[in-house]
Amino acid sequence: MDPQPSLAPPPEDPAYRVFLDSLDYLLAADVARIEDAYAFAARAHASQKRVSGEPYITHPLTVAGAIAEWRMDADAICAALLHDVLEDTDASKGELAERFGKDVAELVDGLSKLDKMEFASYQEAQAENFRKMLMAMARDLRVVLIKLADRQHNLHTMSAMRADKRARIARETLEIYAPIALRLGLSKLYREMQDTCFQLIHPHRADVLAKALKAARGNRSELLTRILDDIKDKLASAGLRAEVFGREKSLYSIFRKMKDKQLSFSQVLDIYGFRVVVDNVPTCYLALGALHALYKPVPGKFKDYVAIPKANGYQSLHTALIGPYGTPVEVQIRTREMHNVAQEGVAAHWLYKDSEESGADLQVKTHKWLESLLDMQGSDSAEFFENVKIDLFPDEVYVFTPRGKIMAMPAGASVVDFAYAVHTDIGHHCSAARINHELAPLRTELRNGDLVEIITSLQATPNPAWLTYVKTGRARSKIRHFLRTMRNEESARLGERLLRQELLSLGVVPISIPAAAWDELVKSGGHKSIEEVYTEIGLGKRLPSVVARRLLARESLTPEKSGHMTLAIHGTEGMAIQLARCCQPIPGDPIVGSIRKGSGLVVHTDDCPVIRKSRSAEPQMWIDVEWEPEEGKLFDVRIKVEVKNTRGMLSRVAAAIAEAGSNIEYVSMDADPERLFSLLRFTIQVAHRNHLAAVMRGLRHIPEVSRIAREREG
């Protein structure tokens, strides 16, 4: 690369001098390394300009300046200066490692996009880049802090970009990067990102709101000053030393509150917010008592985040009061250390050395969350991306384990989410729960303060229905991985049975085929093992007849006969064999099976009206199936019963079904216009066809039953 020094700011550039002055907390040797990193980055980016026309080096310099404001170490600042050199220049990771050390090279690599790889879509590339960044972040927290500073500067310098690209990047930031900043406790950066993105997506609305806010601030100043003076005087008279100041709402938070709660601008601004910063934790509670004596508290609006901190380390006492003229007043009370963490989050660990204890505690909490991201690695990039987005909920509930440990869960989390948060095995085998010592189903939504005890069973396994009500990415990822694994195992067993049946029908005993023929079949299909071939057959991706003939052709084996064999099933094999919902076959029904791609074997009754056309059009997709007896399993079946409208009719029909040893899963009722007859529709559970016949015989004995039939779709 031919450098063009004229495009890079010289070392005496004012912005560079200000940056160097901000490094006064570092050792001289560290500053020398940073100067070397700047020189390297300036040379590497010398021929490049930003879209705005500025020399490219101004961007990494600003990002490094933001990192220095957090008083981070020399490696982090070097990485911030070099964060684009792998992506945009000819520099290599090895070159960075040799010159600046392995840690700096790893940080820069974690920040670099995967430009060398081919992706099917922008969404897939975004998901994979995001996955890489979070994995690097899980190894070293400094990666995400540099990434957030990088994103923030990019947002501030987007005026030269196309409007559609500005809006896309701003939406991505609101959806992903701003919630990450909040999850890491960087509330100041979180609010700045939200406001900047709001102005990029809705510039006109942002301008109108900003002007309205400025006007309202002048109109409210007198009342604001009075409340502020009252609070200061009350705390002083109680002998409490405190710093009190008003809490401004951000433009985006006003916009969201107006939109979500359908409120007017004046209604949102009616609430006055104040922050009280004191010396220590006991003073927080003394200040709370003094303020409750000054103004009446609003019942149910007090929250103690000091005793139970939020997952991102946030601590404060929150209370709502009724101020002068009935004005709602919200107050947050916290110590100086809590205030630092509330503003800067994990960065407080580097920024405020005197708050080492709270910073270290926050680091532990953050790393626990990052470890939970690593647990989702079984999923593909897009699924991982969705799981993390789910996990970035800012609202949380706090529940207790039986031993009194506090666990933070996202708002709306269910018992299943809690079970997986405790341990994967507990999640896989949970069957019910006790919430506050009372039995509760797995879909129960958790509330603040719940005491949760999970009841497990070795027979219990994850159910696809759980995915409809779990909220955490960890639970969703673990359930999907289990179901995918189980489905593949069951499909492999089914595929093996289907291939064996096909070979036997051709007069060939599978054990007589040489191992070399099986190996060749595996290699020619690009599979790793015969299990993968079985799985594809079981999932309907390959036909057993085609695989069998290819296997025999390789060994020049001629089928001795072309017979027809029937596959025996229990109906309880799991996800690989499905009983069709249209006709709901039960043991005793004549049945037929359809091999469909991705669905495995779907079993219908032989006379099912839904499959008539398909059976004649695609005969190769159908195989004969028969029931193999198995005791204890119940099957769903639909019946319709026409009855005369008399008092207590439904209860007598239900009693007759129960007497025949059947469970009722679902019931609905339709009356005719003259209300002489009603049509009752039931989904009941029976063991086999004879059991269904016994249920129907019992119903016919009721004089008011005029007609009864099994119901099928189509």
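For every chain, the first residue of the written sequence is number 1, and numbering continues from 1 along that sequence. This being a predicted model, a pLDDT of at least 70 is required before a residue's local features are given, and a value of 80 or more before pairs of side-chain atoms are given or counted; all residues contribute to the totals for chains, interfaces and linings. With hydrogens and water set aside, each side-chain value is computed from the structure's full complement of heavy atoms.

(A) Up close: the overall build of the chain. Secondary structure elements follow DSSP: runs of H or I no shorter than four residues count as helices, runs of E no shorter than two count as strands, and numbering proceeds from the N terminus. Counting its secondary structure elements, the chain contains 28 helices and 20 strands. Summary of the burial criterion: residues with accessible area below 20% of their type's maximum are buried, those above 50% are exposed, and those between are partly exposed, where the area comes from a 1.4 Å probe applied to protein chains only. Each of the 714 residues in the chain was classed as buried or not, and the buried ones make up 48%. Working rule for contacts: check all heavy atoms of both residues, and any pair within 4.5 Å makes them a contact. For the chain, long-range pairs separated by at least 24 residues make up 68% of all intrachain contacts whose partners lie at least 6 apart in sequence.

(B) The arrangement of the sheet that holds strand E11 (residues 452–456) in detail. Across the sheet, which stays open at both edges, the 3 strands sit in the order E10-E9-E11 with antiparallel pairing between neighbours. Edge positions in the open sheet fall to strand E10 (438–440) and E11, since each of these has one partner strand only. Each neighbouring strand pair of the sheet contributes to a mean axis angle of 35°, computed without reference to strand direction. Two strands pair when backbone bridges link them, and strand E9 (residues 430–435) and E10 are joined in this way by 3 bridges, in the antiparallel orientation. Looking at E10, one finds that Arg434 is bridged to Leu439. For two strands to pair, DSSP has to find at least two bridges joining them. Interaxial angles span 0 to 180 degrees and are taken between N-to-C directions of axes, which are lines fitted to C-alpha atoms, for helices over the stretch in contact.

(C) View of the nonpolar core. In terms of nonpolar packing, the biggest core is built from 64 residues, with Phe19 and Leu82 touching the most fellow members. If sequence neighbours within four positions are ignored, Leu82 has contacts with Ala37, Phe40, Ala41, Leu96, Phe100, Val104 and Val108. Put simply, a nonpolar core is a bunch of buried Ala, Val, Leu, Ile, Met, Phe, Trp, Tyr and Cys residues held in one set by side-chain atoms that sit within 4.5 Å of each other. Of all hydrophobic cores here, the second largest spans 48 residues; its members include Ile537, Val547, Met649 and Leu699.

(D) How the structure looks around the pattern of salt bridges. A pair is scored as a salt bridge if a Lys or Arg side-chain nitrogen falls within 4 Å of a carboxyl oxygen belonging to Asp or Glu. Under the defined criterion, the tally for this structure stands at 18 salt bridges. With a closest N to O distance of 2.8 Å, Arg142 and Asp73 form a salt bridge. Residue Arg142 is located in helix H9 (residues 142–156), and its partner Asp73 is located in the loop between helix H3 (58–69) and helix H4 (74–82); the two are separated by 69 residues in the primary sequence. Among the residues examined, Arg142 registers a relative accessible area of 10% and is labelled buried. Residue classification places Asp73 among the partly exposed positions, given a relative accessible area of 28%. Residue Glu711 pairs with Arg681 through a salt bridge whose shortest N-O separation is 2.9 Å. In this pair, Glu711 sits in the segment after strand E20 (705–710) while Arg681 sits in strand E19 (residues 677–686), placing the two residues 30 residues apart along the sequence.

(E) Spotlight on a nonpolar patch on the surface. Exposure above 30% relative accessible area and no salt bridge define the residues that can form patches, which grow by joining like charges within 9 Å and nonpolar side chains of Val, Leu, Ile, Met, Phe, Trp and Tyr within 5 Å. Accessible areas in this description were obtained via Shrake-Rupley with a 1.4 Å probe; residue shielding takes into account the shown protein chains only. Together, Leu650, Ile664 and Val667 make up a nonpolar patch on the protein surface, roughly 210 Å² of accessible area in all. Tracing the sequence through the fold places Ile664 in strand E18 (residues 663–671).

(F) Seen up close, the sheet that holds E18. With antiparallel pairing, 4 strands are arranged side by side in an open sheet as E18-E19-E17-E20. A single partner strand is all that each edge strand has here, and the edge strands are E18 and E20. Across this sheet, the average inter-strand angle for adjacent strands is 20°, counted without regard to direction. Two strands pair when backbone bridges link them, and strand E17 (residues 635–644) and E19 are joined in this way by 10 bridges, in the antiparallel orientation. Bridge pairing in E19 places Val641 opposite Leu680. Those strands touched by helix H27 (residues 649–659) are E17, E18 and E19, and its axis lies near 25° from that of E19. Each of E17, E19 and E20 touches helix H28 (residues 689–700); the most contacted strand, E20, lies at about 165° to it.

(G) How the structure looks around unusual backbone geometry. A positive phi angle is found at Arg71, which is not glycine, with a value near 55°. Along the polypeptide, Arg71 turns up in the loop between H3 and H4. Phi at Tyr325 takes a positive value of approximately 60°, unusual for a residue other than glycine. As for its placement among the helices and strands, Tyr325 is situated in the loop between strand E5 (317–322) and strand E6 (328–335). The exposure class assigned to Tyr325 is exposed, which follows from its relative accessible area of 73%.

(H) Spotlight on the packing of H27 against H28. Running from N to C, H27 and H28 point in directions that differ by 145°, and their axes come no closer than 9 Å. Between H27 and H28 the crossing geometry is right-handed. Of H28, the residues touching H27 (which contributes Val653, Ala656 and Ile657) are Val695, Gly698 and Leu699. Amino acid classes used here: Ala, Val, Leu, Ile, Met, Phe, Trp, Tyr, Cys and Pro are nonpolar; Asp, Glu, Lys and Arg are charged; the rest, including Gly, are polar. Residues of the contact of H27 with H28, tallied by class, amount to 5 nonpolar, 1 polar and no charged. In this scheme the handedness of a crossing depends on how the near helix is turned from the far one: anticlockwise by less than a right angle means left-handed, clockwise means right-handed.

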